[in-house]
Structure formats: structure tokens, C-alpha cells
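# Topology and contacts: notes
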Amino acid sequence: VILRFEHKKPSKPQNCPFRPNPRKYGKDAQDPLPPDTSKPLDADGIRKVQQVVGALLFYARAIDNTILPGLSAIASEQSQATELTLERCQQLLDYCATNPDAK
């Protein structure tokens, strides 16, 4: 997957496949998540997100199921992908490059 997308190994190791939403406690925990206000991607960007999701879904089911929660979140917004979605894909690819021998 890393070779297919010509993704270089990150300079700092990425040990988290997905950046979770910040935790809120008390009554603030009931508030909805803020909407994604980043720019929408063009058709080529959306296609790249869809290709990454498809390739990593096969990889996740066959080898490393630790990326499934992050992959699921990206997959749910891939048809209306934004720059934030692309950043999440980059983080997921960084995680896969940092942990090439995941079992």
C-alpha cells in the first residue's frame, strides 16, 4: 500500500492510526461535534481518498485490524471528502509506514 501511493516514511514515528475527537466531560459531553469547515476536495482528491480506503480496507481485514476504526471514520466521509479527510488519510498512511510489520 505504501509503495502504491508512493508514501514516504514520516520523519517522526506515527503511533496512532487516527486522531480521535477531543474528550469532553460534564454537560459539554452532550454537545455535538463541530462541523468540518475545511475546503472540499476536487474529483482527483476524492478519488485518492477512495483508493486509499479501498487498499487499506483489504490490508486491515487481512493483516492489521488496528486501523479499522480510523478507516471506518474516513470511509464514512469519503464521498464528500475535505482537506481534513485527506489529512486523516495521510496520518493513516504514516501509521502504516511506521508499522510495516504489524501482526
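Residues numbered from 1 in each chain as written. Predicted model: local features only at pLDDT ≥ 70, side-chain atom pairs only at ≥ 80, totals over all residues. Heavy atoms only, no water.

### Focus on the side chain of arginine 88
Heads up, the condition is: Secondary structure follows DSSP: runs of H or I at least 4 residues long count as helices, runs of E at least 2 residues long count as strands, and numbering of each begins at the N terminus. Under the scheme applied here, a residue whose accessible area is under 20% of the maximum for its type counts as buried, over 50% as exposed, and between as partly exposed, the area being computed with a 1.4 Å probe on protein chains only. Should any heavy atoms of two residues lie within 4.5 Å, those residues are considered in contact.
Its place among the elements puts arginine 88 in helix H3 (residues 83-98). Given a relative accessible area of 13%, arginine 88 falls into the buried group. Once residues within four sequence positions are removed from consideration, arginine 88 is found in contact with Phe18, Asn21, Ile74 and Glu77.

### So, the packing of helix H1 (residues 43-62) against H3
Quick reminder of the rule: Axis definition: a line fit to C-alpha positions, over the contact stretch in the case of helices; interaxial angles, taken between N-to-C directions, run 0 to 180 degrees. Each crossing is labelled by how the near helix is turned from the far one, with a counterclockwise turn of less than a right angle marking it left-handed and a clockwise turn marking it right-handed.
The contact between H1 and H3 brings their axes to 10 Å, and the two run at 35°. By crossing handedness, the relation of H1 to H3 is classed as left-handed. Facing Lys48, Val49, Val52, Leu56 and Tyr59 of H1, the residues of H3 in contact are Thr85, Leu86, Cys89, Gln90, Leu92, Leu93 and Cys96.

### Considering the side chain of aspartate 64
Rules: N or O atoms within 3.5 Å of each other form a polar contact, as long as, within protein, one can give a hydrogen and the other can take it, and as long as residues adjacent in sequence are counted only when both atoms are side-chain atoms.
With respect to the helices and strands, the residue aspartate 64 is situated in the loop between H1 and helix H2 (68-76). Accessibility expressed as a relative area gives 3% for aspartate 64, which makes it buried. At 2.6 Å, the side chain of aspartate 64 and the side chain of threonine 66 are in polar contact. Beyond its immediate chain neighbours, meaning those up to four positions away, aspartate 64 contacts Tyr59, Tyr95 and Ala102.

It is worth stressing that arrangement in space is one thing and function is another; only the former is reported here.
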